[in-house]
Amino acid sequence: MSEHTSEPQPPRWLKPMNKVMMAVQRLGLPTGPAMVLTVPGRKTGKLRSTPMTPFDHDGGLYTVAGYPGADWAANARAAGAGTLTRGRRSRNVRIVELTPDQSRPVLRAFAAKVPVGVGFAKRSGLVVDGTPDEFESLAGRLAVFRFDPA
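Since the model is a prediction, treat every value here as computed from it, not as a measurement.

K.L.:
Sorry, what's going on with the nonpolar core here?
P.N.:
As a rule of thumb, soluble globular proteins bury nonpolar side chains together. The biggest cluster of nonpolar side chains holds 19 residues, and the ones touching the most others in it are Phe55, Val64 and Phe135. Elements with a minimum of two residues in this core: β4 (60-64), α3 (100-113) and α4 (115-124). Considering every element that reaches this core, the biggest residue donor is α3, with five residues. Apart from residues lying up to four places away in sequence, Phe55 is in contact with Gly60, Leu61, Tyr62, Thr63, Val64, Val106, Ala109, Phe110, Lys113 and Val114. One finds Val39, Met52, Ala73 and Ile95 within the second-largest nonpolar core, a separate group that totals 16 residues.

Set out below in C-alpha cells:
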C-alpha cells in the first residue's frame, strides 16, 4: 500500500492521454481549446511538450497547472519562453508566472472558463464543487502562467 501524500498526484492515464492529444494536434485535427506548450527541459534541455487548455482573461492568455509540482510547470518556469501550438499553427511566447495574489482572479476565471480543467481538478481531489472560491483558494499551490507574445 502506498503512503498518502498531501498533494494529489496525476492519474496513470494522463501521460498516455497527453501523447494521444499531441499526436492528434500534429495531424492538424481540432481538439477544442487545447494547445501544446513546448519548452526545453530544465535538466536535459531536450524539448518537452505538454497539452494544456489556455484561456483568455482580462486581455491575456493564461494557463493553470493541473497539479501542484507539475513537471511541465517547473520546465516552463525555468525556460521563461516556449512555443504554443494548436493544430499546425505555432507561436513563440514568453512565459510569465503569476504571484499568488496575481493568480487569484485568474483562478476564479478558470473555474468559469475551463470546464475540462474544473472536471480534472474535481476528479483529482483539488476541489470539491469547482467553484470560483475553491479555485481562488488554490493560489500559491497551483502555478498560474500568462503567455505573452515573444
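Moving on from the model shown.
K.L.:
What should I look at first to understand the environment of Ser103 in this one?
P.N.:
Relative to the assigned elements, Ser103 resides in helix α3. By relative accessible area, Ser103 is classed as buried at 2%. The spacing of Ser103 and Arg146 is 43 residues in sequence and 9.6 Å in space, taken between C-alpha atoms. Beyond its immediate chain neighbours, meaning those up to four positions away, Ser103 contacts Leu98, Ala139, Gly140 and Val144.

K.L.:
Honestly, the side chain of Thr63 in this entry has me stumped. Any pointers?
P.N.:
Residue placement: Thr63 occurs in strand β4. Those residues within four positions of Thr63 in sequence are excluded, and the remaining contacts are Met52, Thr53, Pro54, Phe55, Trp72, Ala143, Val144, Phe145 and Phe147.

K.L.:
Whenever I open this one, the packing of aromatic side chains confuses me. Can you help?
P.N.:
When we look at a pair of aromatic rings, we describe it by the centre distance and by the angle of the planes. Evaluation of the coordinates by the stated rule reveals five aromatic pairs. Judged by centre distance (5.3 Å) and plane angle (85°), the rings of Tyr67 and Phe120 are edge-to-face. Here Tyr67, found in the loop between β4 and α2 (71-79), pairs with Phe120, found in helix α4; they are 53 residues apart in sequence, far enough to count as distant. Here the aromatic residues Phe55, Tyr62, Phe110 and Phe135 are joined through ring pairs into a cluster of three or more.

K.L.:
Honestly, α3 in this entry has me stumped. Any pointers?
P.N.:
Side chains three or four residues apart in an α-helix point the same way, a direct result of the helix having 3.6 residues per turn. With 14 residues, α3 extends 19 Å from end C-alpha to end C-alpha; this agrees with the ideal 20 Å at 1.5 Å per step. For α3, the complete set of buried residues consists of Ser103, Val106, Leu107, Ala109, Phe110 and Ala111.

K.L.:
Help me understand the pattern of salt bridges, please; the structure alone is not making it clear to me.
P.N.:
Pairing between side chains becomes possible if they bear opposite charge and their charged atoms approach one another. Enumeration over the complete set of coordinates arrives at seven salt bridges. A salt bridge links Asp101 to Arg104, with the shortest nitrogen-to-oxygen separation between them at 3.3 Å. Taken together, the residues span about one helical turn, with Asp101 and Arg104 both in helix α3 at a distance of three residues. Through salt bridges with shared partners, a single network forms among Arg94, Arg146 and Asp148.

Criteria and thresholds
- Residues numbered from 1 in each chain as written.
- Predicted model: local features only at pLDDT ≥ 70, side-chain atom pairs only at ≥ 80, totals over all residues.
- Heavy atoms only, no water.
- Core = buried A, V, L, I, M, F, W, Y, C linked by side-chain atoms within 4.5 Å.
- Buried < 20%, exposed > 50% of the residue type's maximum accessible area, 1.4 Å probe, protein only.
- Helix = DSSP H or I, 4+ residues; strand = E, 2+ residues; numbered from the N terminus.
- Contact = heavy atoms within 4.5 Å.
- Phe/Tyr/Trp six-rings, centres within 6.5 Å; stacked < 30°, edge-to-face > 60°.
- Expected span 1.5 Å × (residues − 1).
- Salt bridge = Lys/Arg side-chain N within 4 Å of Asp/Glu carboxyl O.

Fair warning: the whole summary comes from geometry, so function is off the table for now.
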